[in-house]
Amino acid sequence: TYLLLHVQFRVSGERWLLALASAFLFSALMAALHLLTFPGALIPSIPIIGGAKTVSWLYVLWGLGFVGLLVTAVIASDSADRVRDRSRAELHVAIGTTLAVAVLLAVLLLADPVLPPFAVGDQFSPWGMAVNYLRGVLALAGLAIIWSSGRHERLLPLWLSLILVVAAVGPLLTDMAGQRYTLGWYAGRASFLFASYVLLAVLLNEFVRLQHAMVASVVRTSRQADELQQEVGRRELAERRLIASERNHAIGQLVGGVAHDFNNLLTAVIANL
């Protein structure tokens, strides 16, 4: 999704698309880090990074940061500002997002001993539920901005509305469940997964549509080129015939003039005879 948004930004230069791309880059990096906190992800029975609390807090901050960046992109979408130096802007955003994720991970690892538990046993702690609610409120705020400003009339903000709805419902389902490994807990995670793929499907569909339009345009242009080539051939034939006709006309005038002058000479000779 980040790479497809990257292409969209390269074409249009709209600054808000860069902010939107950073949200999905952030999500991709956090997903990779979250995977490495699980025992057995790469090394049997051993996590690569972090401890038990790091796993939970990395996940909730992943969701919170993703929604926060989406809302930032929604706010920026009101501006028609376009970036001139797009390559440098993309590089800055990629480096900035990567550094932000690295700093967040470092803070979590250093603070792991003093972090409040996200859950006690399988029951969610007030801290964990509060962060979930904050993510839901952020998502609803972004949704309100989109629909109150009329931005939903554009394709990407419209689909962002669906992502924000799902991002708001997910924490609600999780907190309503009250504990891990319940139907609401799984539904909350499935909603986050769904939200991550919505824009990917939209962008892929848009690129497929553009590819079909491009192929149709190429076929139409090729057909027009063939017709133009045939028309050029017909015009060249007509021009050759016109030149031959003009040449015959000129020869006819020349012969007619010579015959007229010769007839005048014959008339004088006959008169003298």
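Heads up: the structure comes first, above all this text.
Residues numbered from 1 in each chain as written. Predicted model: local features only at pLDDT ≥ 70, side-chain atom pairs only at ≥ 80, totals over all residues. Heavy atoms only, no water.

Asker: Mind showing me how you'd approach the packing of aromatic side chains here?
Answerer: Each pair of aromatic rings is reported with the distance of its centres and the angle of its planes. Applying the stated criterion across every chain, the model contains seven aromatic pairs. Both rings, one in Y59 and one in W62, keep their centres 5.7 Å apart while their planes meet at 85 degrees; by these two values the pair is edge-to-face. A residue pair is termed a helical-turn pair when its members lie 3 or 4 positions apart in one helix, as Y59 and W62 do in helix 3 (residues 52–76) at three residues. Three or more aromatic residues link up through ring pairs in this structure, and these residues are F24, Y59, W62, F66 and F192. Looking at R135, its charged tip hangs above the ring of F192, at a distance of 4.8 Å from the centre. (Phe/Tyr/Trp six-rings, centres within 6.5 Å; stacked < 30°, edge-to-face > 60°. Helix = DSSP H or I, 4+ residues; strand = E, 2+ residues; numbered from the N terminus. Lys NZ or Arg CZ within 6 Å of the ring centre and 35° of its normal.)

Asker: Whenever I open this one, the packing of helix 1 (residues 2–12) against helix 7 (residues 183–272) confuses me. Can you help?
Answerer: In a pair of packed helices, the angle between the axes and the distance between the axes together describe the arrangement. Helix 7 packs onto helix 1 with a crossing angle of 50 degrees between their chain directions and a minimal axis gap of 9 Å. Classified by the angle between their axes, helix 1 and helix 7 sit oblique to one another. Helix 1 and helix 7 meet at a crossing whose hand is left-handed. Contacts between helix 1 and helix 7 involve L4, L5, V7 and Q8 from the first element and L199, L200, L203, L204 and F207 from the second. When its residues are assigned to classes, the contact of helix 1 with helix 7 shows eight nonpolar, one polar and no charged. (Axes fitted to C-alpha atoms, helices over the stretch in contact; angles between N-to-C directions. Parallel < 35°, antiparallel > 145°, perpendicular 65-115°, else oblique. Left-handed = near helix turned anticlockwise from the far one by under 90°. Contact = heavy atoms within 4.5 Å. Nonpolar A, V, L, I, M, F, W, Y, C, P; charged D, E, K, R; others polar.)

Asker: Is there a simple way to explain the nonpolar core in this structure?
Answerer: Nonpolar side chains tend toward joint burial in soluble globular proteins. Judged by nonpolar contacts, the single largest core of 55 residues is most densely connected at L5, L20, F24, L70 and I163. Those elements that place two or more of their residues in this core are helix 1, helix 2 (15–36), helix 3, helix 4 (86–111), helix 5 (126–148), helix 6 (155–177) and helix 7. Per element, the largest residue contribution to this core is 13 residues, and it comes from helix 3. (Core = buried A, V, L, I, M, F, W, Y, C linked by side-chain atoms within 4.5 Å. Buried < 20%, exposed > 50% of the residue type's maximum accessible area, 1.4 Å probe, protein only.)

Asker: What is the right way to read the environment of E90 from this model?
Answerer: Its place among the elements puts E90 in helix 4. For the pair E90 and A190, spaced 100 residues apart in sequence, the C-alpha separation works out to 30 Å. Discounting chain neighbours no more than four positions away, the residues touching E90 are H6, F9, R10 and L18.

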